[in-house]
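Fold and contact review
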Amino acid sequence: MAKPVSIEVWNPNGKYRVISTKSMPGTRWINLLIQNDCRLEICTEKKTILSVEDIIALIGDKCDGVIGQLTEDWGEELFSALSRAGGKAFSNMAVGYNNVNVDAANKYGVAVGNTPGVLTETTAELAASLSLAAARRIVEADEFMRAGLYDGWLPHLFVGNLLKGQTVGVIGAGRIGSAYARMMVEGFKMNLIYFDLYQSTRLEKFVTAYGAFLKASGETPVTWKRASSMDEVLQEADIISLHPVLDKTTYHLVNKERLAKMKKEAILINCSRGPVIDEAALVEHLKENPLFRVGLDVFEDEPYMKPGLADLKNAIVVPHIASASKWTREGMATLAALNVLGKIKGYPVWFDANRVEPFLNENAQPPAACPSIVNAKALGLPTSKL
Ligand SMILES: NC(=O)c1ccc[n+]([C@@H]2O[C@H](COP(=O)([O-])OP(=O)(O)OC[C@H]3O[C@@H](n4cnc5c(N)ncnc54)[C@H](O)[C@@H]3O)[C@@H](O)[C@H]2O)c1
Ligand SMILES: O=C(O)[C@H](O)CO
């Protein structure tokens, strides 16, 4: 028997029982659920990562839907427990859903929601921040100041890389990768090389137009190239930022051999998922190449880092905070709650998961739809015509 898990209850007499495995930012998501006849139970357990047993205890005998987190293992056990409790809806409070076994969800007829779009710019901004911090050695310099080591300006002190005119490489030019590419091209006049399974026509058009604008202003135009292989990006780029989904094809996409193909002074940024990089190989590469730098928001065995990483001055490490702006986190909570609520209410699935703005307008009622259900097709769910 799993031990009981502590909860906070909202609207105790609500008809539908919805669980949130964590407290989430903002109050709009709570209000939307309780105004729609949900009894909301928010888990208040102190431990950060809930086990499968904890979540089974939360689900109990009757549960209509669950809002969960990327740290949880949503597989056969949880979807069967949710289904036994009468549940038909789960949403990750995240765009990435590599923690979810979608086949298992399909088997039990549970809709799986995610939160695209609302975190695109926020996440890209953190990737850009890490890029700058690594290029200009900001963390090392900050530590140096705080240690009282600064005794006057010196020509060689913390010399880094100028971004202007260099090449930024993007692996996975989807929503976030494209937003990051635009920031680096427009903000720092970098040239772009990208690799994705699909062509990013909008991104190419943007760089072409910006290049023409610069040329017309008498400045050196920026350029773009769609690489035919990932290795081409690794060989040519000065900064490489990783933004693919994590799946079987992207596990250890950056390994020992591929690290060796990169420039000795290159910068590697990862705001996608930790296992996209072979982190042990990365630690060795950083040790052997002190001018190579990384900015990491995600780690292979979160919350842990591979041995040695924390000691390296050429690594900047932050704790998976890429989507952590107030507006974005509140919006993620809203989208996750509306995915679950929409399925409970029998609403259709929104016609375009890349255009979720109408759900985020605090001054209007959200559309009667689920913003983003990743297995809508597999479950044969209807699509909104709004
Ligand atoms: N660190 C964070 O806090 C944070 C925040 C948001 C998203 N993410 C991660 O970023 C990922 C991307 O989010 P998004 O909204 O941009 O998704 P997206 O689906 O718009 O973009 C992913 C892109 O990766 C491409 N891709 C897939 N396999 C590839 C491969 N083998 N090689 C090259 N490209 C490949 C896809 O074609 C797609 O264009 C999420 O799945 C999530 O894991 C992390
Ligand atoms: O996939 C995601 O959304 C992130 O990792 C957290 O924002």
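Residues numbered from 1 in each chain as written. Chains lettered and ligands numbered in written order. Predicted model: local features only at pLDDT ≥ 70, side-chain atom pairs only at ≥ 80, totals over all residues. Heavy atoms only, no water.

Quick word on the site of ligand 2
Quick reminder of the rule: We call a residue near a molecule or strand when any one of its heavy atoms sits within 4 Å of it. Pairs of N or O atoms are called polar contacts if they sit within 3.5 Å, as long as, within protein, a hydrogen donor faces a hydrogen acceptor (for residues adjacent in sequence, only side-chain-to-side-chain pairs). Residues are grouped as follows: nonpolar covers Ala, Val, Leu, Ile, Met, Phe, Trp, Tyr, Cys and Pro; charged covers Asp, Glu, Lys and Arg; every other residue, Gly included, is treated as polar.
In the neighbourhood of ligand 2, the contacting residues comprise Leu70, Ala94, Val95, Gly96, Leu119, Arg273, His320, Ser323 and Met332. Here an oxygen atom of ligand 2 sits 2.6 Å away from a polar atom, N or O, in the side chain of Ser323. For the shell around ligand 2, a count of residues per class yields five nonpolar, three polar and one charged.

Brief notes about the packing of aromatic side chains
Stated precisely, the cut-off is as follows: Any Phe, Tyr or Trp ring, taking Trp's six-membered ring, that has another such ring centre within 6.5 Å forms a pair; planes under 30 degrees apart are called stacked, those over 60 apart edge-to-face, and the others tilted. Under the scheme used here, helices are H or I runs from DSSP no shorter than 4 residues and strands are E runs no shorter than 2 residues, and both carry numbers assigned from the N terminus. Exposed residues in this analysis have more than 50% of their type's maximum accessible area, buried residues have under 20%, and partly exposed residues fall in between, with area computed by a 1.4 Å probe over protein chains only. We count a charge as sitting over a ring when the NZ of a lysine or the CZ of an arginine lies within 6 Å of the ring centre and within 35 degrees of the ring normal.
Counted under the stated rule, the structure contains eight aromatic pairs. Measuring from centroid to centroid gives 5.9 Å for Phe79 and Phe90, while their planes differ by 85°, and the two rings are edge-to-face. Residue Phe79 is located in helix α3 (residues 76–84), and its partner Phe90 is located in strand β5 (residues 89–92); the two are separated by 11 residues in the primary sequence. The exposure class assigned to Phe90 is buried, which follows from its relative accessible area of 1%. Among the aromatic side chains, those forming a connected cluster through ring pairs are Trp74, Phe79 and Phe90. The ring of Phe206 carries the charged tip of Arg182 above its face, separated from the ring centre by 4.1 Å.

Here we look at the environment of Val185
Counted only if it meets this: Contacts: residue pairs with any heavy atoms within 4.5 Å of one another.
Assignment of secondary structure puts Val185 in helix α7 (residues 175–188). Of the residues examined, Val185 reaches a relative accessible area of 0% and is grouped as buried. Distance from Val185 to Phe206, taken between C-alpha atoms, is 9.5 Å for residues 21 residues apart in sequence. Beyond its immediate stretch of four places on either side in the chain, Val185 contacts Val168, Met190, Leu192, Val207, Tyr210 and Val222.

Re a nonpolar patch on the surface
Operational definition: Only residues whose relative accessible area exceeds 30% and that form no salt bridge are eligible for patches; like-charged ones are grouped when within 9 Å, while nonpolar side chains (Val, Leu, Ile, Met, Phe, Trp, Tyr) are grouped when within 5 Å. Each accessible area is a Shrake-Rupley estimate made with a 1.4 Å probe; only the visible protein chains count as cover when residues are assessed. Salt bridge, as used here, is a side-chain nitrogen of Lys or Arg placed within 4 Å of a carboxyl oxygen of Asp or Glu.
Among the surface-exposed residues, Met145, Tyr150 and Trp153 lie close enough to one another that they form a single nonpolar patch of about 420 Å² accessible area. Relative to the helices and strands, Trp153 resides in the loop between α6 (138–146) and β7 (167–171). Overall, Trp153 belongs to the exposed group, its relative accessible area being 69%.

A look at the domain arrangement of the protein
A common way to express how large an interface is: the accessible area buried when the components associate. Condition: An automatic or database domain assignment supplies the start and end points of every domain. Buried area counts how much accessible surface, traced with a 1.4 Å probe, disappears from two parts once they are put together, with both parts' losses summed.
One can read the domain layout of the protein as domain 1 (7–114 + 347–384) and domain 2 (120–317). If you average the C-alpha positions of domain 1 and of domain 2, the two centres end up 34 Å apart. Across the boundary between the two partners, domain 1 contributes six residues, which contact four residues of domain 2. By the criterion of area lost to domain 2, the three top residues of domain 1 are Val95, Asn98 and Asn354, representing 67% of everything that side buries. Between the two partners, domain 1 and domain 2, sit two residue pairs in polar contact (both at pLDDT 80 or more). Split into classes, the residues belonging to the side of domain 1 that touches domain 2 amount to three nonpolar, three polar and no charged.

Structural notes on the sheet that holds strand β3 (residues 38–43)
Condition: Strands are labelled as partners when DSSP assigns at least two bridges between them. For helices, the fitted axis covers only the stretch in contact; all axes are lines through C-alpha atoms, and the angles between them, taken along N-to-C directions, range from 0 to 180 degrees.
Taken together, the six strands give an open sheet; going across it, the order is β1-β3-β2-β4-β5-β6, and neighbouring strands pair in mixed fashion. Bordering the open sheet on either side are β1 (7–10) and β6 (111–113), each of which pairs with just one other strand. Averaged over all adjacent pairs, the angle separating strand axes in this sheet is 20°, with direction ignored. In this sheet, β3 lies alongside β1 in antiparallel orientation, the contact comprising four bridges. The residue bridging Ile7 from the neighbouring strand is Cys43, located in β3. Each of β1, β2 (16–20), β3 and β4 (65–68) touches helix α1 (residues 28–35); the most contacted strand, β3, lies at about 145° to it. Lying on the sheet, helix α12 (residues 326–345) is in contact with β2, β3, β4, β5 and β6; it crosses β5 at an angle near 170°.

Here's the deal with the sheet that holds β7
Strand order in the open sheet formed by seven strands is β9-β8-β7-β10-β11-β12-β13, with parallel pairing between adjacent strands. Edge strands, defined here as strands with exactly one partner in the open sheet, are β9 (224–226) and β13 (315–317). Geometrically, the sheet is characterised by an average inter-axis angle of 15° between neighbouring strands, direction not taken into account. The pairing of strand β12 (residues 293–296) with β13 spans three bridges and is parallel. In the strand pairing of β13, Gly295 is matched with Ile316. In the packing of helix α5 (residues 120–135) onto the sheet, the strands contacted are β10 (239–242), β11 (267–270), β12 and β13, and the crossing angle to β11 comes to about 150°.

Concerning the UniProt feature "domain: D-isomer specific 2-hydroxyacid dehydrogenase catalytic" (unreviewed entry) in the protein
What counts, and what does not: UniProt positions are given in the numbering used here, feature names are shortened, and annotations may be inferred rather than shown by experiment.
In this structure's numbering, the residues bearing the UniProt feature "domain: D-isomer specific 2-hydroxyacid dehydrogenase catalytic" (unreviewed entry) are residues 39–347. Between the end C-alpha atoms of residues 39–347 the distance is 19 Å, and the span holds 39% helix and 14% strand.

Some remarks on the state of the cysteines
Which entries qualify depends on this criterion: Criterion for a disulfide: a pair of cysteine sulfur atoms at a distance within 2.5 Å.
Considering all chains together, one arrives at zero disulfides under this definition. Of the cysteine sulfurs around Cys43, a residue in no disulfide, the closest is that of Cys63, at 12 Å.

Structural notes on the UniProt feature "domain: D-isomer specific 2-hydroxyacid dehydrogenase NAD-binding" (unreviewed entry) in the protein
Taken from the UniProt record, the annotation "domain: D-isomer specific 2-hydroxyacid dehydrogenase NAD-binding" (unreviewed entry) applies to residues 130–322. Across residues 130–322, helical content stands at 35% and strand content at 15%; the span's end C-alpha atoms are separated by 10 Å.

Regarding the packing of helix α2 (residues 52–59) against α3
Stated formally: An angle below 35 degrees is treated as roughly parallel, one above 145 as roughly antiparallel, one from 65 to 115 as roughly perpendicular, and anything else as oblique.
One can describe the packing of α2 onto α3 by two numbers: an axis separation of 10 Å at closest approach and a directional angle of 5°. Between α2 and α3, the interaxial angle falls into the category roughly parallel. Two secondary-structure elements touch here, α2 through Val52, Glu53, Ile55, Ile56 and Ile59 and α3 through Glu77, Leu78, Ala81 and Leu82. For the contact of α2 with α3, the per-class residue count stands at seven nonpolar, no polar and two charged.

Concerning the pairing of strand β8 (residues 191–195)
Test applied: Here is how to tell: hold the view so the strands point away, follow the path from the first strand over the helix to the second, and if it runs clockwise the crossover is right-handed.
Taking burial as the measure, the five residues of β8 include five buried ones, the bulk of the element. Here β8 shows no split at all, with Asn191, Ile193 and Phe195 on one side and Leu192 and Tyr194 on the other all buried. Note that the unit made of β7, α7 and β8 has a crossover that is right-handed. As judged from the three bridges shared by β8 and β9, these two strands associate in the parallel manner. Opposite Leu192, over in β9, you have Trp224 as the bridge partner.

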